[in-house]
Amino acid sequence: MSRRLRAHIWLPLFAYAIGMFMLLPILWLLISAFRPEYDIVSAPYSLPEKLTLGNFTQLLQLPGFVSSVRNSFLVALLATAFTAGVALPTGYLVSRYSFPGRVFFRSLAIIGYLFAPAVLALPYLQILSRVGLIDSLAGIVFTHVAFCLPFSLSLVDLIFRSVPISLEQVAMLDGSGLRVRLWRVLVPVTRFQIGGLMLLVFTISWKEFFFAFLVSSSVGTRTLPVLQSEIDRKST
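Residues numbered from 1 in each chain as written. Predicted model: local features only at pLDDT ≥ 70, side-chain atom pairs only at ≥ 80, totals over all residues. Heavy atoms only, no water.

A short note on the nonpolar core
Here is step 1: Ranked by internal contacts, the top residues of the largest apolar core, which has 18 residues, are Leu-88, Val-156, Phe-160, Ile-194 and Met-198.
Here is step 2: When contributions to this core are tallied by element, the ones reaching two or more residues are α4 (65-96), α7 (137-161), α9 (178-189) and α10 (191-207).
Here is step 3: Sort the elements by how many residues they give to this core and α7 lands first, with 6 residues.
Here is step 4: Beyond its immediate chain neighbours, meaning those up to four positions away, Phe-160 contacts Leu-88, Gly-91, Tyr-92, Ser-95, Arg-96, Leu-182, Leu-186, Thr-190 and Ile-194.
Here is step 5: In terms of nonpolar packing, the next biggest core, distinct from the first, is built from 9 residues, Val-75, Ala-79, Leu-128 and Val-145 among them. (Core = buried A, V, L, I, M, F, W, Y, C linked by side-chain atoms within 4.5 Å. Buried < 20%, exposed > 50% of the residue type's maximum accessible area, 1.4 Å probe, protein only. Helix = DSSP H or I, 4+ residues; strand = E, 2+ residues; numbered from the N terminus. Contact = heavy atoms within 4.5 Å.)

Structure, rendered in structure tokens:
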């Protein structure tokens, strides 16, 4: 058997094995969701003897669960939309145009991550208090956008710089302006990279706890991670 043929056989098998290893915790989590509580406590590492929907019934009957899921989804969706609306045009300008301080601006976009979130909490809360966004979903969206925008800007800049400028030059010959070149040329070409980045932003916003806990103080603005924290605190 030639080396190339062995590579074609073993490399996909190795990739499938890695994928199954990564999916195993998720699969085990799904199985555990259908197991009765006594079964999980008595034999957590064994195969389930009985499957039930009782866990989901109790979860849906939990006070505030449905509203917390709705709040988390709405906050994550709005944070992703606002981040994309700012990061895409700004990243395009940074990647394609030279202006004084461009290198400093690229560095400034990630300097904020040198500080712990607790350090930035007080300035954020003071800003939200002045504009009346404490205990509101808009305030949580603001903090999530402020957290996700810097790294999104840096990644959009790198993504757009990887696209040959010749594609835009062809569009410019057809009389396309800046907006058309961005939304009709660059974004379609890099849709998978941009989509992956926006999925990451949505995931970060969906499970973010620290700022959501600080901003929300009522049941109506509570997100799912905050509700989960309250459940864990009451059960201990």
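Considering the packing of α7 against α10
Here is step 1: Direction vectors running N to C along α7 and α10 enclose 165°, while the axes themselves pass 11 Å from each other. With respect to α10, the element α7 is oriented roughly antiparallel. You can see that α7 and α10 cross each other, and the crossing is right-handed. In contact with His-144, Phe-147, Cys-148, Phe-151, Ser-152, Leu-155, Val-156, Ile-159 and Phe-160 of α7, α10 contributes Gln-193, Ile-194, Leu-197, Leu-200, Val-201, Ile-204 and Ser-205.
Here is step 2: Looking at the contact of α7 with α10 residue by residue, the classes come out as 12 nonpolar, 4 polar and no charged. (Axes fitted to C-alpha atoms, helices over the stretch in contact; angles between N-to-C directions. Parallel < 35°, antiparallel > 145°, perpendicular 65-115°, else oblique. Left-handed = near helix turned anticlockwise from the far one by under 90°. Nonpolar A, V, L, I, M, F, W, Y, C, P; charged D, E, K, R; others polar.)

Notes on the side chain of Ser-152
Here is step 1: Assignment of secondary structure puts Ser-152 in helix α7.
Here is step 2: Those residues in contact with Ser-152, other than ones at most four positions away along the chain, are Thr-83, Ala-87, Leu-197 and Val-201.

Brief notes about the packing of α4 against α7
Here is step 1: Two elements in contact, α4 and α7, have axes whose closest approach is 7 Å; the angle formed by their N-to-C orientations is 35°. Taken as a pair, α4 and α7 cross one another with a handedness that is right-handed.
Here is step 2: Across the contact of α4 with α7, the residue classes tally to 19 nonpolar, 7 polar and 3 charged.

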